[in-house]
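# Fold and geometry: a report
Residues per chain are reported as follows:
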Amino acid sequence: MVINMIASKLQQIFADYSEVLYGYTDISYSPFAKEYQSALVFAVPYEPQLAFDDYTEQGFEDSIRNARRELEEILRKLEGALTEEAIKYDIPPVAQRNEEELEAVFSFKYVAVNAGLGWIGRNDVLVTERYGPRVRLSAVLIDAPFVYGSKMTESRCPEGCTKCVDICPHKALTGRAWDIHSLRSELIDYHLCNRKRSDYIERHGRKNACGLCMVVCPYGMEGLSAPQKAAEEEAE
Ligand code: SF4
Ligand code: SF4
């Protein structure tokens, strides 16, 4: 069957990138469902995986760039396989529609939650068990059905953890825990975060990468999940 063949072809591509997380979800919630049945979403870990103690803004920017490079390489291979099998697909743009709404045409975060790759942390970004929030996301809309992941509907952030909220120099995070019904505006003042990062453009020619609320997250550090880490610290 053609569908199994394409699923296995895509799986073969990801076999060469064992560090990358990926999954599929139906997109019936999205306006794109008129044209595509599924989305493939994948998360490329930033390289290196910075902890708070190693953090510099330029280092964080570099780790994002490295992930972006690998992500583009994977996208090219996925496109090649889908074209070869004559399967209709589209790669939604990562860029936000404009600086007012600050929303992408197709939310990679939301599709990743639907595919079960992670949940949205108090820092308003996707948090994965393996890498915490230190991942770059991409997605491909595909007009074919796949085996879908289990949607995450609630935060797995430890109840008392507010590390990301406390570290934000502009107090842009509200501290509220996410669930599937949460609105972005309930978690973050995204206009404030964007404005502060944009102040950097004049001097440096790009927005500030500001990864403070990500590198501080205990998830993903040294291969330990946050609950494991907390238990180990308690035992010391
Ligand atoms: S990216 Fe920086 S400014 Fe924005 S919420 Fe995180 S710590 Fe605050
Ligand atoms: S620092 Fe704590 S609250 Fe923030 S995203 Fe990570 S686990 Fe969640």
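Treat the numbers as computed from the prediction; the structure is a model and nothing was measured.

## Notes on the overall build of the protein
What the protein contains, in helices and strands, is nine helices and six strands. In the protein, buried positions account for 34% of the 236 residues. A separation of at least 24 residues holds for 67% of the contacts in the protein among residues at least 6 apart in sequence.

## Observations concerning the site of ligand 1
The environment of ligand 1 is formed by Asn123, Cys168, His170, Ala172, Leu173, Ile188, Cys193, Lys196, Cys210, Leu212 and Cys213. Looking at the shell around ligand 1 residue by residue, the classes come out as eight nonpolar, two polar and one charged.

## Let's talk about the nonpolar core
The biggest cluster of nonpolar side chains holds 57 residues, and the ones touching the most others in it are Ala39, Leu40, Val41 and Ala112. Non-local contacts of leucine 40, meaning those with residues more than four positions away in its chain, are made with Leu10, Tyr22, Tyr24, Ala139, Val140 and Ile142.

## Thoughts on the site of ligand 2
In the vicinity of ligand 2 lie 14 residues, with Gly121, Cys157, Cys161, Cys164 and Cys217 positioned nearest. Residue composition of the shell around ligand 2, grouped by class: nine nonpolar, three polar and two charged.

## Regarding helix α2 (residues 57–84)
The first and last C-alpha atoms of α2 sit 41 Å apart over 28 residues, in line with the 40 Å expected at 1.5 Å per residue. Looking at α2, one finds that the buried residues are Phe60, Ser63, Ala67, Leu71, Leu78 and Leu82. Once α2 finishes, alanine 86 follows within two positions and takes phi at roughly 55 degrees, a positive value.

## Observations concerning the sheet that holds strand β1 (residues 21–26)
The sheet built from four strands is open, its strands ordered β1-β2-β6-β3 with antiparallel pairing. Every interior strand has two partners, whereas the edge strands, β1 and β3 (89–90), have only one. Of the pairings in the sheet, the one linking strand β2 (residues 38–45) to strand β6 (residues 135–142) comprises eight bridges and is antiparallel in character. Bridge pairing in β6 places valine 44 opposite arginine 136.

## Structural notes on the pairing of β6
Note on strand geometry: in a regular strand, side chains alternate between the two faces of the sheet. With eight of eight residues buried, β6 is to be regarded as a mostly interior element. Where burial is concerned, the two faces of β6 agree: the one with Val135, Leu137, Ala139 and Leu141 and the one with Arg136, Ser138, Val140 and Ile142 are both buried.

Conventions adopted
Residues numbered from 1 in each chain as written. Chains lettered and ligands numbered in written order. Predicted model: local features only at pLDDT ≥ 70, side-chain atom pairs only at ≥ 80, totals over all residues. Helix = DSSP H or I, 4+ residues; strand = E, 2+ residues; numbered from the N terminus. Buried ≥ 20, exposed ≤ 12 C-beta atoms within 10 Å, placed from the backbone. Contact = placed C-beta atoms within 7 Å. Near = placed C-beta within 6 Å. Nonpolar A, V, L, I, M, F, W, Y, C, P; charged D, E, K, R; others polar. Core = buried A, V, L, I, M, F, W, Y, C linked by C-beta atoms within 7 Å. Expected span 1.5 Å × (residues − 1). Pairing = 2+ DSSP bridges.

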